[in-house]
Amino acid sequence: NYMPMGLRVIRKVEAIIREEMNRAGAVELLMPVVQPAELWQETGRFQQMGPELLRVKDRHDRSFIIQPTSEEVITDIARQELRSYKQLPRNFYHIQTKFRDERRPRFGVMRGREFTMKDAYSFDRDREGAARSYDAMFAAYKRIFDRFGLQYRAVAADTGAIGGDLSHEFQVIADTGEDAIVYCPQSEYAANIELAEALPPGARPEAREAMSKVATPDRSTCADVAALLGIPLQRTVKSLVLASDEKDPTTGDIVSTQVWMLLVRGDHELNEVKAGKVPGLAGGWRFATVAEIESHFGCKPGYLGPIDMAGSVKVVADRTVAAMSDFVCGANEADFHLAGVNWGRDLPEPELVADIRNVLAGEPSPDGKGTLAIQRGIEVGHVFYLGTKYSSAMNATYLDESGKPQLMEMGCYGIGVTRILGAAIEQNHDERGIIWPTAIAPFEVVVCPIGYDRSAEVRAAADALHEQLLAGGIDVVLDDRGERPGAMFADWELIGVPLRVVISDRGLKAGTAELQGRREAQAGTIVVSEAADRVKERLAAARA
Ligand code: ATP
Ligand code: MG
């Protein structure tokens, strides 16, 4: 349920998005929530999307889906409506209910199954045109997030199978965010950690130690082994076992399985998106089961290493690991590790070397212009170049000047309308409650009369101010409940209305009222007859 205060915020968020989308030349339409399965079968996503896609049947046993997004329907519209190059470029959007049967719905509006999204889709003649549409949306998104009054960062994001560099996420900065964003304070560089490159380290140092087998009973993590041996964690290597299954294209049955060993330094973390780009793993991978590990290595997890690998296992070393010498790894024997291990001497040089780990704060920026920092963010928007992925699957073509059919180049652009509320609150709150930015607050100002139920003067002054503000186009609410001040103030601080005017008998006797911003510790005294003007000035300043 979107309750009244929250719904007011949603409406304001939508209004800002609508204004800026229209300003950028996008055109609003509305597509159905319940969509025919046939369109989703054309692109193959009816099968591919798995359980996140909610499928339903009608009384005639025909299949439908509840839209998680609308590429299929918009491409169907485009192939019917956009026939000539003269009709391009075009950008359509709608603000509509989405449903995704998320594996882990959580934190209310942050990751709901039902939520509201603004999704836009651009259609262009060629790649250059699509890049222009993309840039226009990128600029519109910046205006939208500026107007929300939120602190955010646009970061480069993974483009998956589409490739190229036209994918950015808009991340609201918040410590509780799900995403790690990597940026360079000295330059413009900003990327999701999924994408951010860890630059190759310097040359591998000379080997100095002989390889030796060391007993490490019950020490199955790199940290435990490093502690036992009294060495830094940076000297250890972690072995992760993955599997890629080759499936029969018609039956979907697994016909063969390749086992992989991925090596990252003990203090580093595997980056699953980067791992998914390693040749051979790009078709999809999973972590190997304990049974698979034991049958391939004859050893339980925790004591694995790249030494004496049977040819059947493919080894991928992270760039950092490939440049290590005298390292410690598992001995492929329970309760033992190997120390002083060296590439080329104790085991063959790694056949595959790739960047497969997360970067750390303090490492050099990939643009060569400084040092990386990391902060947490909440993804609230995504702009993405699609190319001809959907137009080719659904044969959405236009006729060019010479009358030849050409595939349309597409882009898609989403904003999580309802997630914005959660993100705004995560970023802006204190122990007393929410602190809404003025532009999306449920009300801009609350008039709090003390003794509304018992003082005629207070009631008259509060009503007059309320009327005056309404007439001035201010989004004001009058608290006419006659609550005691403490309870009344606490309620509005919890709700997070950015500005409060207090009217009391005592103030009226002196011709004054109190004006206080939600972030301010102290109220200011204003002349009650000028209260409306003072409020308008404050709101104008907040908008600027
Ligand atoms: P996530 O990685 O968070 O699952 P996504 O990549 O699936 O997001 P998109 O398909 O790009 O998201 O959707 C566009 C926007 O819709 C996202 O940027 C996000 O703000 C919002 N969104 C996606 N899933 C949800 C959800 N379950 N609840 C609320 N908002 C969502
Ligand atoms: Mg998702």
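Here is a short report on the structure shown in this document. Per-chain numbering applies: the sequence of each chain, read as written, is numbered from 1 onward. As they are written, the chains are lettered A onward and the ligands numbered 1 onward, keeping that order. With the structure being a predicted model, the display of local features is reserved for residues of pLDDT at least 70 and the display and counting of side-chain atom pairs for 80 or more, all residues being used for whole-chain, interface and lining totals. For side-chain calculations, the full set of non-hydrogen atoms in the structure is used, while hydrogens and water are omitted.

Examining helix α6 (residues 222-229)
The criterion, for reference: Three labels apply to residues, based on accessible area from a 1.4 Å probe with only protein chains included: buried if under 20% of the type maximum, exposed if over 50%, partly exposed otherwise in between. A run of DSSP states H or I qualifies as a helix once it reaches four residues; a run of E qualifies as a strand once it reaches two. Both are numbered from the N-terminal end. Directions drawn from the helix axis to the C-beta atoms are what define this arc. Contacts between residues were defined by any pair of non-hydrogen atoms, one from each residue, lying within 4.5 Å.
Turning to α6, its buried residues number three or more, namely Cys 222, Val 225 and Ala 226. Buried residues of α6 fall within an arc of 100° about the axis and therefore sit on the same side. For α6, the elements touching its buried residues are β12 (237-247), β16 (327-330) and β17 (336-341). Immediately downstream of α6, the backbone of Gly 230 shows phi near 65°, a positive value.

Some points on the sheet that holds strand β14 (residues 286-287)
Rules: When DSSP finds two or more bridges between a pair of strands, those strands are recorded as paired. For helices, the fitted line uses only the C-alpha atoms of the stretch in contact; every axis is such a line through C-alpha atoms, and the angle between N-to-C directions lies from 0 to 180 degrees.
On the basis of which strands lie adjacent, the open sheet formed by five strands has the order β14-β12-β13-β15-β18 and mixed pairing. This sheet does not close on itself; its edge strands, each paired only once, are β14 and β18 (352-354). Sheet topology note: the strand β13 (residues 254-265)/strand β15 (residues 313-318) ladder contains five bridges and is parallel. Each residue of the ladder has a partner; that of Leu 263, found in β15, is Ala 317. The sheet contacts of helix α8 (residues 290-297) involve β12, β13, β14 and β15, and relative to β13 the element is tilted by about 80°.

A word on the packing of helix α12 (residues 456-471) against helix α15 (residues 531-543)
Note the threshold: For classification purposes, angles smaller than 35 degrees are called roughly parallel, those larger than 145 roughly antiparallel, those between 65 and 115 roughly perpendicular, and all remaining angles oblique. Left-handed is the label given to a crossing in which the near helix is rotated counterclockwise from the far helix by less than a right angle, and right-handed is the label when the rotation is clockwise. Ten residue types, Ala, Val, Leu, Ile, Met, Phe, Trp, Tyr, Cys and Pro, are classed as nonpolar, four, Asp, Glu, Lys and Arg, as charged, and the remainder, Gly among them, as polar.
Orientation of α12 relative to α15, taken along the N-to-C sense of each, is 45°, at an axis distance of 9 Å. As summarised for this structure, α12 and α15 are arranged oblique, according to the angle between their axes. Judged by the sense of rotation from one axis to the other, the crossing of α12 with α15 is right-handed. Between α12 and α15, the contacting residues are Leu 465, Gln 468 and Leu 469 on the first element and Ala 531, Ala 532 and Val 535 on the second. In the contact of α12 with α15, the residues fall into five nonpolar, one polar and no charged.

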